[in-house]
Amino acid sequence: MVSRILKVDPFDLVVFGGTGDLAYRKLFPALFRRFLDGQFSEPTRLIGVSRQPLDSAAYRRTIAEALQKFSTEAGRADEVKAFLDMIDYVPLDVGQDAGWDLLAERLSGDPSRVRAFYLATAADRFGPIAKQLAAHALVTPNSRIIVEKPIGHDAASAARINDAIGAVFSERQIFRIDHYLGKETVQNLMALRFANALFEPLWNSAHIDHVELTVAESIGVESRGTYYENSGALRDMVQNHLLQLLCLVAMEPPASLEADAVRGEKLKVLESLAPIDASNAAQATVRGQYRAGASEGGAVPSYAQDVGNPDTATETFVALKVAVANWRWAGTPFYLRTGKRLPQRVSEVIVAFRKIPHSIFSAESGRISKTRLVIRLQPDEGIKLWLMLKEPGAGGMRLRYVPLDMNFAEAFQIYAPEAYERLLMDVIRGNATLFMRRDEVEAAWRWIDPIREAWSHMSDGPRPYFAGTWGPAAAIALVERDGRSWNEDVV
Ligand code: BG6
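Below is a short write-up of the structure.

How each quantity is defined
- Residues numbered from 1 in each chain as written.
- Predicted model: local features only at pLDDT ≥ 70, side-chain atom pairs only at ≥ 80, totals over all residues.
- Heavy atoms only, no water.
- Pairing = 2+ DSSP bridges.
- Helix = DSSP H or I, 4+ residues; strand = E, 2+ residues; numbered from the N terminus.
- Axes fitted to C-alpha atoms, helices over the stretch in contact; angles between N-to-C directions.
- Core = buried A, V, L, I, M, F, W, Y, C linked by side-chain atoms within 4.5 Å.
- Buried < 20%, exposed > 50% of the residue type's maximum accessible area, 1.4 Å probe, protein only.
- Contact = heavy atoms within 4.5 Å.
- Patch = residues over 30% accessible without salt bridge, like charges linked within 9 Å, V, L, I, M, F, W, Y side chains within 5 Å.
- Areas by Shrake-Rupley, 256 points an atom, 1.4 Å probe, with all protein chains shown as cover.
- Salt bridge = Lys/Arg side-chain N within 4 Å of Asp/Glu carboxyl O.

Some details on the sheet that holds strand E6 (residues 174–177)
Next, step 1: Overall, parallel pairing links the 6 strands, which are arranged E3-E2-E1-E4-E5-E6 in an open sheet. Lying at the two open borders of the sheet, with one neighbouring strand each, are strand E3 (87–91) and E6. Strand-to-strand twist in this sheet, taken as the mean axis angle between neighbours without regard to direction, amounts to 20 degrees.
Next, step 2: In this structure, strand E1 (residues 11–16) lies alongside strand E4 (residues 114–119), joined through 6 bridges in parallel fashion. Paired with phenylalanine 16 across the bridge in E4 is leucine 119.

Overview of the nonpolar core
Next, step 1: Core analysis: the biggest nonpolar cluster contains 148 residues, and Phe16, Phe83 and Leu103 have the highest contact counts within it.
Next, step 2: With 12 residues, the single largest contributor to this core is helix H9 (residues 232–250).
Next, step 3: Non-local contacts of phenylalanine 83, meaning those with residues more than four positions away in its chain, are made with Phe28, Leu31, Phe32, Phe35, Phe40, Leu46, Ile63 and Leu67.

Let's talk about unusual backbone geometry
Next, step 1: Residue proline 43 is reached from glutamate 42 by a cis peptide bond, and omega for that bond is -10 degrees.
Next, step 2: Inspection of the secondary structure assignment puts proline 43 in the loop between helix H1 (21–36) and strand E2 (45–50).
Next, step 3: Note that the residue after glutamine 378, namely proline 379, is joined by a cis bond; omega there is -15 degrees.
Next, step 4: By secondary structure assignment, the location of proline 379 is in the loop between strand E14 (372–378) and strand E15 (382–390).
Next, step 5: Of note in this structure, alanine 137 is not a glycine but carries a positive phi near 55 degrees.
Next, step 6: Turning to its location among the elements, alanine 137 is positioned in the loop between helix H5 (126–135) and strand E5 (143–148).
Next, step 7: A relative accessible area of 64% places alanine 137 in the exposed class.
Next, step 8: Backbone geometry places aspartate 380, a non-glycine residue, at a positive phi of 50 degrees.

Concerning a nonpolar patch on the surface
Next, step 1: A cluster of nonpolar side chains, namely Ile360, Phe361 and Met397, defines an oily patch on the protein surface of about 300 Å² accessible area.
Next, step 2: Relative to the assigned elements, phenylalanine 361 resides in the loop between strand E13 (346–353) and E14.

Brief notes about the sheet that holds E14
Next, step 1: The strand order across the open sheet built from 9 strands is E16-E15-E14-E13-E7-E12-E11-E8-E17, with neighbouring strands paired in mixed fashion. Edge positions in the sheet fall to strand E16 (399–407) and strand E17 (463–466), since each of these pairs with one other strand and no more. Adjacent strand axes in the sheet meet at a mean angle of 20 degrees when their direction is disregarded.
Next, step 2: Bridge count between E15 and E16: 9 bridges; the pairing is antiparallel. If you follow isoleucine 383 over to E16, its bridge partner there is methionine 406.
Next, step 3: Contacting strand E8 (285–291), strand E11 (317–322), strand E12 (334–339) and E17, helix H16 (residues 473–480) crosses the sheet at an angle of about 10 degrees to E11.

Shown next, in the form of structure tokens:
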């Protein structure tokens, strides 16, 4: 099967933080892939910006090395060369005035071209960069700015950052990335819910017992210890990725796929989340921190060793019981969990339907499990609908719990683009549906802040768990107290 490629208009993309990990690991490999698929129109220009004193030729060599490491297509020498030819470099320190004129010169030409500024930098640079762009008259009506999470570390700092960017760019020009929204299966949540008649009539607390969102990673904090120490799993994963997933599961059908229609519905979900604060944090939250253990096929150190801080109280695991307090969801808990150094990398949304009201089958037929819809985001993207069916055989009526199983790679037999491929092209097209609006980001922080505040007053810190296990025992108890269990049996 061949996917349809819609070419985008020629554009200029300026990557601040052009020699950083994100640029090398994700952005340039994603751009290369779009280039290979013929999505770019001539003349498109990609300009890396950073403090390093490189010239364009030296910068291109670093990109070539990055493609070798992070792109499966790096063997295509002619195409790599053509791609590198589009790339330029401007050395500048965003805090200084020097260098901006060179950037302006590189960007000169037709002022109506799409111009995108990607800020792959720390969030405290967002405001200063926006200001410099305005001061050097680089912001055209067709300009966009792309910023990465974390947008601040609480509601107040997020508002300050949004104010600073908003002083230069209008909201429709600002693209706040949550790369989970670019994942194919995350978008499939919308297709599944709103392009099928089957689920939506059942998509409420009358029929759904609970929802589980798991984003598990087997890796530790790797080289990001300094960032992670100030962040922790709640800010790093829950404030953005998990809450965005929750919104897509819980939102009302938007009037259309238009950006503000979707974002307006997601905002309503965020505003409906029942607060977790000092009054209920002990019951509704579990924090964990990994100890040394076995993961990814070998022995691994503890988080404290990873970050070189024996006294660290940063959480590397969070489990939450969340209530969406509105008519659709009252009585259906959402259980969220995420963590590092868990047994495997797996992200899933599990929708567990209610028990049947009455069984006509005898005890010998076997236990009747709840119907579950498992949406696997990664790896092995796909959907499983777990149903009770009759076991084949001439004997009595034996029931078996089996999945209707659809693996996307097998079903579609096409390459599933990386999240950044789609998101970057959406920015160029000006389609903001998969990006977070200011009010969403701030509403998410307003819900997160009281949890952190409550934790800061608790006498005990994160509970230990061994690397390579599913988090502290308390996380299991969080769900079992309600007579339920996490979905490990069907992972
Ligand atoms: C990032 C977090 O946003 O998402 C990382 O900062 C995490 O800590 C990563 O590892 C997970 O993304 P993915 O796409 O690998 O699931």
